[in-house]
Every structure is written in structure tokens, then in C-alpha cells.
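Next come the chains, spelled out residue by residue.
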Amino acid sequence: MERRLLICFEGVEWAELSARIDAGELPAFCSLLERGSNGTLGWPSTLPVIASAISLATGCNAARHEVLASHVAEPDPDRVRPALASDRMAATIWEILAASGVAAQAVGWPASDTTRSGEAEIVSGAFGDPVLPQDHASMATMICPERLVEPLAEFVLHPEDTDSEMIEFFIPRWQEINQQRDPRLAILGQAIAQTVSVHNAFTWFLEHAPASFSSVYYRFSAQIESLRIRSGDGAGDDPFYDATGAAWRYLDLMLARLVELAGEAATFYVVGLPPTESAMATGFVLASGPGIAADGLIFGAQVTDLAPSILASMGFTSDDDSFNGRILAELVPDRARDLEPPRHLSISAALPPAVHREAARESTDRLREFLHRSEGLPILDNRSQWN
């Protein structure tokens, strides 16, 4: 079985990746870079990063998939909820593949849950989120099929189980922080807990339930960067000053583990989406695997190009208007173009029911009104501390 992995890191950008690779800090990223092709990735910097993430997963632009924010307004004008799969008006690559008879998995992605999963194996972005319930009943809304709830539930790491050794990896001088006045250690513990939970679930899939297509979405670097930004101008005397460097090293360790489990014969698509605060930053795509040129370049890639390109690399064809993105020739081996007969996609079977479309549009309109009134979403506070 040929295996393909789509790995997305939120909050990382090309200039910093290349600089850290040149400095010898990221051996796993460097190995993929040398064995495959790479290029910058265009993204709509005027929209929240979740819009780019959904465009990456669907091959459709934001106007088409209609997920414009991480939260959706409820009929109650003062309540919001996280965006769900049923709010998304376009099918993801894993939903399309599953509807076409190909085993597909997705872990940690926003707007992915049991409200619409089809035959795909899903662990939603709510898995391991410390501000949401993580009991068995809640897991049933985050994980499908239901038979996966039992084996995956044990992999949730709770913030209170994040020990000082984990904290010290990222913040060696953490003991200098006054936790009564500075809540960033508690927020860091939450970010670590959720990232480890997502990584645990994804590695379980790779080891115990391998599929033709597996994908994972990590928010960790974006969360760490937001903590460093809070330190002001980044003065070197702030213990959080080099937290971003530690986060990069942690991502590299996770990537190395994924390569080890999937095997170097697998095809990897590693994508970086820049933080929303960096409008001038550039994303990236690294691709490595059979038929992809070593040390090659990918030109003009956009976030909407990945989904149709991956599907084309698997020999699938679709109507020209199924995606907003184009097929990147650098990601499609010659052997995939020569498949006879071509494999046809079941895109219509993976699309959301029509009854959900109008409700999702109304919810988006309510969210705009809510944000206009409140000038932003409420900030959750956590008083956990480390001793």
C-alpha cells in the first residue's frame, strides 16, 4: 500500500524554516528538503488562518467553503461555538477519498468532526483541547467511527499532567516567572497538552491503522509564537524569548517520528501556514516521495493547489470546476498521469447536505454581527500553575 501523509503546521513560515535548516537545527525538515521538492506557498493573508487551513484541505477558496472564522455565532446573539464540519460548504480531501473507496484519516483539523465524516476516520481539532470536555460522551462527537473512541481516549494529555520537565524544554528559566501575574506558563501547558494529544492520536493511526492517506494539523507553533509576542518587543531577558526556537525543535522531533512510522518510501506533503499576525510572511510546502524530484523547486503554489495535486498524484480525475486550485506538476509523478483507466472521484457524495447550506450562511452572518458588537471573542482564563 502506497502511503501519503499531509502534515500541516500552523504558525510557521518559510524564511524562519530555511534559516533554521541552514543553521543545522532541524535535521528532519532538512532530510525531507534534500530528498524532495520545496517552494513557497501563497495564502490569503487578509483572512484568519483557519480559512487557509480549510482551503488547503478542500482545494476551494474561502468564498466557496465559507469557513471564515474559527467560531460560528449561535441564534442567541451573545453566544458562539467552534466551527463544525457541517458549517463547511466544501468536501475535504479525506472525505472525497473515503467516498471514493480509499482509506483516509484526518487528525486535529479545524471544522472536522462527526457532524460530517462519511467513511473517513476522524479525530477532530477539539480532541485534547483543554477548554473543552474530554469525557467519553464528548469524545463520541470528536472521533469517528465510534469504535476508535476507546483506544484513542487514553491518549489525551491533560494540562495538569504536563510536568516541569516538559515546561523546561521550552522555557529553561520558567522558575523566574511570577505565575500570579503572568499566566503564560499555564497557557503553554495547555498548548503542550493539546499538541501531545493530537500527536499521540496520529501516531496511533500510523502504527496500528495505516491508511492510504493520513493527515494531521498542528497548531503548536502558532500558540507558542503568540506567547512570545505577549512579551512585548522580544527583549532577551524575557524567559519566553527563545520559546519559538524550542517549538521548532519540538516540531522537528515530531516530524522525525512520523517519517519513522510511515517509512521513507511514503510520500510526505509538509505545509507551513504563517501566523495571521504576519501579513508579509510566506508559507511553504515540502514534498518528498517516489516520483518527486530531489532538491527540486515548486513554483507558484497556493493553498488551494494541494488537494487537487494530491488527488491527481493518486490517479484521480475530476471535473475542472471541482476545485479552485490547480494541479502542481511537480507533485504528480509521471506514473500517476499514465494510469489507465483514470480513477474518478465521488465528490458529490462527499459534499454537505443541501439543508445545511442556508443554516451555515445565516450563522456566518450572525458571527459578523457578534464580532462587530464585541470587537473580538472572549478570552478564556486559566489559573493552573506549576510548582
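These numbers come from a predicted model, not from an experiment.

J.: What is the right way to look at the overall build of the chain in this model?
T.: Within the chain, the regular secondary structure consists of 15 helices and 14 strands. For the chain, the residues scored as buried account for 55% of the 387 residues in total. Taking the contacts inside the chain whose residues are at least 6 apart along the sequence as the reference set, 72% of them involve residues at least 24 apart. Accessible area for the chain stands at about 16,800 Å²; split by element, carbon and sulfur atoms hold 51% of it.

J.: Looking at this structure, how should I read the pattern of salt bridges?
T.: When their charged atoms lie close together, side chains carrying opposite charge are able to pair. Enumeration according to the criterion identifies 13 salt bridges in this entry. For the salt bridge of Arg-219 with Glu-10, the shortest nitrogen-to-oxygen distance reads 3.6 Å. You can see Arg-219 sitting in the loop between strand 8 (213-218) and helix 10 (220-229) and its partner Glu-10 sitting in strand 1 (residues 4-10), a full 209 residues away along the chain. With a relative accessible area of 9%, Glu-10 lands in the buried category. The shortest N-O distance in the salt bridge between Asp-238 and Arg-184 comes to 3.3 Å. Residue Asp-238 is located in the loop between helix 10 and helix 11 (243-262), and its partner Arg-184 is located in helix 9 (residues 184-208); the two are separated by 54 residues in the primary sequence. Residues joined by salt bridges that share partners form a network here, namely Glu-16, Arg-20 and Glu-25.

J.: Help me understand the side chain of Arg-3, please; the structure alone is not making it clear to me.
T.: With respect to the secondary-structure elements, Arg-3 resides in the segment before strand 1. Here Arg-3 sits buried without a salt bridge, and the closest side chain of opposite charge, Glu-207, lies 9.6 Å off (N-O distance). Here the side chain of Arg-3 touches Leu-206 through a polar contact of 3.2 Å, landing on its backbone oxygen. Among residues more than four places away in sequence, those in contact with Arg-3 are Leu-206, Pro-210, Ala-211, Ser-212, Leu-261, Ala-262, Ala-266 and Thr-267.

What counts as what
- Residues numbered from 1 in each chain as written.
- Predicted model: local features only at pLDDT ≥ 70, side-chain atom pairs only at ≥ 80, totals over all residues.
- Heavy atoms only, no water.
- Helix = DSSP H or I, 4+ residues; strand = E, 2+ residues; numbered from the N terminus.
- Buried < 20%, exposed > 50% of the residue type's maximum accessible area, 1.4 Å probe, protein only.
- Contact = heavy atoms within 4.5 Å.
- Areas by Shrake-Rupley, 256 points an atom, 1.4 Å probe, with all protein chains shown as cover.
- Salt bridge = Lys/Arg side-chain N within 4 Å of Asp/Glu carboxyl O.
- Lys, Arg positive; Asp, Glu negative; His and termini not counted.
- Polar contact = N/O pair within 3.5 Å; in protein donor to acceptor, adjacent residues only side chain to side chain.

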